[in-house]
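# Structure at a glance
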Amino acid sequence: MRKHYIPIYLLTCFWLMPANGQVSPNSNKFDVESFIALANNGSYYPYKTHGFYENAPSGARTKIFLLPILSIDLKKIKFIDKSGKETVQSSDNVRTIIIPVNSDLKLPNESQKAAITAAIGKKTSIGAFKPPIARNAAGLPILNNAVSTNPSLYNQIMTMATNYENAVIIPQQQLINEYNNLYDASIVSLDELEIIIEAGGETVYTKRMPGTTLFTGGKFNSIALESPNEYVKNLIAEGNAQIFFSYKFRDSKKSTISASMDASRTIDHFLNESYKSSAKQKSGGWSFLGLGSSRKSMKTSFDQQISEQYADNSISNTTIEMYDADDSMIQTFENIFFPKLTQDQAIENHLKAADKAAADGNAELQNLHLKYVEMLQKNDPNLSPDIEAAVAALNKNDYVGFIANGVRWGNNKSDAANSYRRVLNSSEMTSKTQTWNQNKTISVQHAVIQPIIVQEPVNFVSSLGLIDAIEFNNSLAIYNGYSTNMQNIQGIILGPITAGSALQKNSILPGTLITRIGSYDVHNPESYLEALNHYNPGDKIYITKVAQVGPNPNIYQKQNVEVTLGAYPEIK
């Protein structure tokens, strides 16, 4: 029985400086998942990447567009208290959660190229980059001297080497060659990045930033989630929250359309979202009728309308968004359809609404208006002493009507907490819509939402670098330093080994007979692997080998050689 045992291999290559590119229309999405790659220093790590590749005509090089790789390390999340000092997750005084984000803008090295080609050209995946066979100056697999005098053993080991080369190394190198010959890679030039954190099915954090932040050395190294409640804090700390990045980019055509924006639809979408978020009350990001994520909801509505109207060349696995829907445009929309009120005007409106509710015999609604007035007068950040009861007291139409009297605008922890707005009534909206709903030339962009990668440590197993072995069970004349006796020897004859392995470093070459690894006997590939499993990478152990001694070629001696075990990633 034969098995492969593969060690770490030091890969020598250079990172390329990334070029920026714009994705071609009709490009296709690809992903590389759970590939164990080699860094320039020879260490293994899990490599994931994603991006697009164009549909190139026959004979032309295919352009690959890689999206930045963003990852977080849950062990490095910091909890900051209200005095600005670092605290612990269990503290009741957490004001801010700092989540560090690492970004990778590098083009792939040789090992990573193999995984990308497999994903694009073969529509498959490979588990890890495999090291080559250790060879001599003539390019042949290295062997010990005894093999040259044993044609049968020589042929067996060379056959093993050929099988490994054909089954592993040649296909792997073909993938790398195909990448180098057929593909041109660049990093996607982003318009914008949006960070989205969802906890318990609700969005608790969003942040939009220019895509150039990643490429110009801008400070983009952490997410700061302010004033999380206990539920959200624990979900994030335990890795149970969902963190997404929305990568937004324009294709190479920079498409534009003549768009018609439906303002009433945008407002309805926003009111629906704000009502659902207020009703949930899990995130702590929404205050009662505080309408914390107004701009995100409005932009989502704009994007949905643009997507329905856009009929140009598509890019797979992307959505269409409105490139022009920046903060200034959304602020203009807010100012038109959600006009500002003073705090006194909002209070007066709700007092009048309370009187009307009393006249209609609706004591519950009357009480809600009065409580809201009380909270406005106190400038209470929660806006209601009992949020869940307040939301439950309003059906959908009452909710919209409540906002029409004026509510505080924005997150209750934000600087905009003292801004008050109302929604237009139907007659006001009709007149404003005539101005807003004109045809506009709008630029469109593509967006792809990808879960952020949580950095996972690579689990390593100990390795000597043996590719294959031959079972040995025979009687040999063993010299013990004083006398020679015939002994039955069980062990394995080493087949090919990998370059840079512990065996090569210690000159324990193919053709060598070994009987023991550390404290454990080995007599077949299974016992060899079992013996290694008792040790960790980096451990120093003795290998017992049986070597020819003296002028008589038939006399052998057991010798112990100390080696430091190598490491190879555990591939599940």
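Residues numbered from 1 in each chain as written. Predicted model: local features only at pLDDT ≥ 70, side-chain atom pairs only at ≥ 80, totals over all residues. Heavy atoms only, no water.

## Concerning the overall build of the protein chain
Counted only if it meets this: Secondary structure elements are defined from DSSP: runs of H or I of at least 4 residues count as helices, runs of E of at least 2 residues count as strands, and each element is numbered from the N terminus. Summary of the burial criterion: residues with accessible area below 20% of their type's maximum are buried, those above 50% are exposed, and those between are partly exposed, where the area comes from a 1.4 Å probe applied to protein chains only. For this analysis, residues touch if any pair of their heavy atoms sits within 4.5 Å. For the accessible areas, the method is Shrake-Rupley and the probe is 1.4 Å, while residue cover comes only from the protein chains on display.
Counting its regular elements, the protein chain contains 14 helices and 28 strands. Among the 572 residues that make up the protein chain, the fraction classed as buried is 49%. When contacts within the protein chain are restricted to residue pairs at least 6 apart in sequence, long-range pairs at least 24 apart make up 73% of them. Summing over all exposed atoms, the protein chain offers an accessible surface of approximately 26800 Å²; the carbon and sulfur share of this is 46%.

## Some thoughts on the sheet that holds strand β1 (residues 20–21)
Applicable threshold: In this description, strands pair whenever DSSP reports at least two bridges between them.
One open sheet accounts for five strands, arranged β1-β9-β4-β3-β2; its pairing is mixed. Of all the strands in the sheet, the pair left with one neighbour each is β1 and β2 (28–38). The sheet contact formed by β2 and strand β3 (residues 44–53) spans nine bridges and is antiparallel. Following the sheet pairing, I36 is matched in β3 by P46.

## Comments concerning the packing of helix α7 (residues 327–337) against helix α12 (residues 426–436)
Selection criterion: A fitted line through C-alpha atoms serves as each axis, taken over the contacting stretch for helices, and the angle formed by two N-to-C directions is quoted from 0 to 180°. Here is the rule for angles: anything less than 35 degrees is roughly parallel, anything more than 145 is roughly antiparallel, 65 through 115 is roughly perpendicular, and the remaining ranges are oblique.
Where α7 meets α12, the axes come as close as 10 Å, and the angle between the chain directions of the two elements is 150 degrees. By the criterion of interaxial angle, the relationship of α7 to α12 is roughly antiparallel. Side by side, α7 and α12 meet where M329, T332, F333, I336 and F337 of the first sit next to M429, K432, T433 and W436 of the second.

## Some remarks on the sheet that holds strand β18 (residues 419–421)
Taking strand neighbours across the sheet as the criterion, the three strands line up as β16-β18-β17 in an open arrangement whose pairing is antiparallel. Sheet topology places β16 (340–341) and β17 (407–409) at the edges, where each strand pairs with a single neighbour. As paired elements, β16 and β18 share two bridges and run antiparallel to each other. Residue L341 lies in a different strand from β18, and its bridge partner there is Y420.

## A word on the nonpolar core
Stated formally: We define a nonpolar core as any set of buried Ala, Val, Leu, Ile, Met, Phe, Trp, Tyr and Cys residues linked to one another through side-chain atoms lying within 4.5 Å.
Counting 41 residues, the largest nonpolar core has F302, I306, F333, F337 and F338 as its most contacted members. When residues no more than four places from it in sequence are discounted, the contact partners of F302 are M261, T266, M322, A325, M329, I330, F333 and W436. In terms of nonpolar packing, the next biggest core, distinct from the first, is built from 35 residues, L67, L70, I243 and F249 among them.

## A short note on unusual backbone geometry
Positive phi is not limited to glycine here, since S34 has a value of about 50 degrees. Checked against the element boundaries, S34 lands in strand β2. By relative accessible area, S34 is classed as exposed at 52%.

## Let's talk about helix α11 (residues 396–404)
Our working definition: Summarising the geometry, the arc corresponds to the directions from the helix axis toward the C-beta atoms.
Along α11, the residues classified as buried are Y399, F402 and I403. Down the axis, α11 shows its buried residues gathered within 95 degrees of arc, on one side only. Count one or two residues on from α11 and you reach G406, which has phi positive near 110 degrees.

## Quick notes on the packing of helix α1 (residues 110–121) against helix α2 (residues 151–182)
Here is the rule we go by: The classification used treats Ala, Val, Leu, Ile, Met, Phe, Trp, Tyr, Cys and Pro as nonpolar, Asp, Glu, Lys and Arg as charged, and all other residues, Gly among them, as polar.
Relative orientation of the contacting elements α1 and α2 amounts to 85 degrees, with a least axis distance of 8 Å. As the angle between them shows, α1 and α2 are arranged roughly perpendicular. Residue-level contacts link E110, K113, A114, I116, T117, A118 and G121 of α1 to Q172, L175, I176, E178, Y179 and N180 of α2. Considered class by class, the residues forming the contact of α1 with α2 number six nonpolar, four polar and three charged.

## A look at the pairing of strand β19 (residues 440–451)
Taking burial as the measure, the 12 residues of β19 include nine buried ones, the bulk of the element. Strand direction decides the pairing type here: strand β13 (residues 242–249) and β19, joined by six bridges, are antiparallel. Paired with S246 across the bridge in β19 is I449. Looking at chain direction, strand β14 (residues 256–259) and β19 are connected through four bridges and run antiparallel. Bridging across to β19, I257 finds its partner in I442.

## A closer look at the pattern of salt bridges
Stated formally: Each reported salt bridge corresponds to a side-chain nitrogen of Lys or Arg within 4 Å of a carboxyl oxygen of Asp or Glu.
Here the structure, examined in full by the defined rule, presents 22 salt bridges. In the salt-bridge network here, residues are joined through shared partners; they are E192, E194, R208, K248, K299, D303, E321 and D327.

## Comments concerning the packing of aromatic side chains
Let me state the cut-off plainly: Note on ring pairs: Phe, Tyr and Trp rings are taken, using the six-membered ring of Trp, and paired if centres are within 6.5 Å. Classes follow the plane angle, with under 30 degrees stacked, over 60 edge-to-face and the rest tilted.
Counted according to the given criterion, the structure contains 10 aromatic pairs. With a centroid separation of 5.7 Å and an interplanar angle of 80 degrees, the aromatic rings of Y179 and Y183 are classed as edge-to-face. As far as the burial class goes, Y179 and Y183 line up, both buried. Taken together, the aromatic side chains of Y44, F460 and Y568 make up a single cluster linked through ring pairs.

## Some remarks on the side chain of K545
To be explicit about the condition: Positive charge is attributed to Lys and Arg, negative charge to Asp and Glu, and no charge count is given to His or to the chain ends.
Locating K545 in the fold gives a position in strand β26 (residues 540–548). One buried charged side chain, K545, makes no salt bridge at all; its nearest oppositely charged neighbour is E562, positioned 14 Å away. The contact partners of K545, leaving out residues within four places of it in the chain, are T512, L513, I514, Q557, K558, Q559 and V561.

## Comments concerning the pairing of strand β23 (residues 484–494)
As paired strands, strand β22 (residues 469–479) and β23 are joined by 11 bridges and run antiparallel to one another. Considered in β23, the bridge of I478 is made with N485. Hairpin remark: β22 followed by β23, antiparallel, with four residues in the connecting loop; positive phi at G481, about 100 degrees. Relative to strand β24 (residues 513–517), β23 runs antiparallel, the two being bridged by two bridges. Bridged to I493 within β24 is L513.

## Quick notes on the confidence of the model for the protein chain
The criterion, for reference: Looking at any residue, its pLDDT shows the predictor's confidence there, from 0 to 100.
For the protein chain, the mean per-residue pLDDT works out to 84, and 88% of the residues sit at or above 70. Looking at the elements of the protein chain, mean pLDDT is at its lowest for helix α10 (residues 387–392), recorded as 66, and at its highest for β24, recorded as 97. Note that residues 1–17 has pLDDT below 50 and, in this model, 75 contacts with residues that lie over four places away or in other chains. Across residues 282–286, where pLDDT falls below 50, the model places 23 contacts with residues more than four positions away in sequence or in other chains.

## So, α12
For α12, the full list of buried residues reads M429, T433 and W436. Viewed end-on, α12 has its buried residues packed into an arc of 60 degrees, placing them on one side of the element. Residues of α12 that are exposed and point more than 90 degrees away from the buried face comprise S427, Q434 and T435.

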